[in-house]
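One-letter residues, chain by chain:
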Amino acid sequence: MTLSPEDDSSDKIQALAGEYVLGTLSAEQRIDVQKRLGQDTELRAAVDAWEQRLLPLTELAEPQTPTALLWKRIERSVKFLEPRAPKEVASEQPIAWWNLLSLWRGLAGAGLIATLLLGSMLLTQTAQVSPTSYLVVLVAPQNQAPGWVVQASNTREIQLMPLGVAQVPTDKALQFWTKADGWQSPVSLGLVKPGQTLSIPLDKLPPLEPNQLFELTLENPNGSPTGKPTGPIQFIGRAVKVI
Amino acid sequence: MSLPEPFFDYEACLIACSRGEQQALRDLYEQESARLLGVAKRIVRDEALAEDIVHDAFIKIWTRAGSFDPARGSARGWIFSVTRHLALNFRRDSAREVHVSEQQETALHDLASLEASQDSVDSFDYRSRSGRIYKCLEQLEPVRRNCILHAYVDGYSHSDISQKLGTPLGTVKAWIKRSLVALRECMG
């Protein structure tokens, strides 16, 4: 079997990441990997994946109750650090919205709205429901007001339906994005006009997953220049699997 | 052994830690310190040292909680990784300083030969466990499976394993390399 140089280097990164997580690298090699993790996104992704694969093996080590002193020591060290510790993590760079935990917490209510909406849809529609379907209610992040619904009665096509007419500045456009938990970053599903219903084939993307993220951001009229969301989120929600 | 509490919100604890809420660190400690200490002790092989590692791990969790990125893995996985890597760093760093006395060495060698003769037998009770990793481990030969488990759980280096099994270093390295490829293919 012949490998292209790319495969070869990707295999090397996988091997290095695997042995790093397994623990078999020497002290020097470990320091080298730990330094590279800051910049080398491919190595970091490979290490993260190995951490997840091997994590269950930690249960093979018998738990051991610490002495009462251990917590006291930790507490004392934390107090000593206190004046400067927690605040310094605030970074100069803005955090990408898909990494904002507080946002996800704020959206917890969307699941309930989804349930209620689905219930009402089931009552008003006689169309048959396929065995697996997904529903997403996209809400405004500030006030949780529902603005759009995404419906997927199969995993290959989705419909984006407006619940009202969103206000969009004339020199801006709404861009539709999705990201599943395992994806590195969101993927664009195109531009949407306020009040418009869109059917979007997902044939170039993996099948829909529970908890998959959908959102609309405000971008330039031709869409985000970077291929990733740059503007403020207008509506956001996660896919709920319905039976 | 108790299983991880399914409703314990590790992510919420890390966010609270990053806001400076000490109770969240305490909650994480109550939840996982015994398991983390178990993991560290297997690697550094000393109770007091293992407590030092867990102390350092909790300080790191406290100061670095804000850098935790849920896109990269679970919050629970993160605190285990922090602890394991501190223990592994310690063990690899100190490996260069450890001087085993001659007598101990003989004893270790005897023990190694004894264990080597048994090493086609499993050294770990992994069969009763459920999860993808265990199904994939099952597909490896027992001796190679033991290499992986001794490395991950016991923190053994290539040469530790080579000595333990009485197998040439190059063979051990090749086994581990191929086993990792097989595990990745099996687990995706």
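Just above, that's the structure.
Residues numbered from 1 in each chain as written. Chains lettered and ligands numbered in written order. Predicted model: local features only at pLDDT ≥ 70, side-chain atom pairs only at ≥ 80, totals over all residues.

A. Here's a closer look at the nonpolar core. Counting residues in hydrophobic clusters, the biggest one holds 66 residues, and the most contacted among them are B:L25, B:A40, B:I53, B:F58 and B:I61. Per element, the largest residue contribution to this core is ten residues, and it comes from helix α2 (residues 22–44) of chain B. Dropping the residues within four chain positions of it, B:F58 is found in contact with A:I74, B:L25 and B:Y29. Listed in part, the 27 residues of the second largest apolar core include A:Y134, A:A173, A:L189 and A:F235. (Core = buried A, V, L, I, M, F, W, Y, C linked by C-beta atoms within 7 Å. Buried ≥ 20, exposed ≤ 12 C-beta atoms within 10 Å, placed from the backbone. Helix = DSSP H or I, 4+ residues; strand = E, 2+ residues; numbered from the N terminus. Contact = placed C-beta atoms within 7 Å.)

B. Representation of the interface of chain B and chain A in the model. Across the contact, 58 residues belong to chain B and 40 residues belong to chain A. At the level of secondary structure, the elements contributing two or more residues to the side of chain B that touches chain A comprise α1 (10–18), α2, α3 (47–64), α4 (75–95), α7 (142–154) and α9 (169–187) of chain B. The element that contributes the greatest number of residues to the side of chain B that touches chain A is α2(B), accounting for eleven residues. Tallied by class, the residues present in the side of chain B that touches chain A amount to 27 nonpolar, 17 polar and 14 charged. (Nonpolar A, V, L, I, M, F, W, Y, C, P; charged D, E, K, R; others polar.)

C. The arrangement of the packing of α7(B) against α9(B) in detail. Residues and elements named next belong to chain B. The N-to-C vectors of α7 and α9 enclose an angle of 90°; their axes lie 9 Å apart at closest approach. Of the possible angle classes, the one that applies to α7 and α9 is roughly perpendicular. The segment α7 lies against α9, with R144, C147, I148 and A151 engaging V172, W175, I176 and S179. Looking at the contact of α7 with α9 residue by residue, the class counts come to six nonpolar, one polar and one charged. (Axes fitted to C-alpha atoms, helices over the stretch in contact; angles between N-to-C directions. Parallel < 35°, antiparallel > 145°, perpendicular 65-115°, else oblique.)

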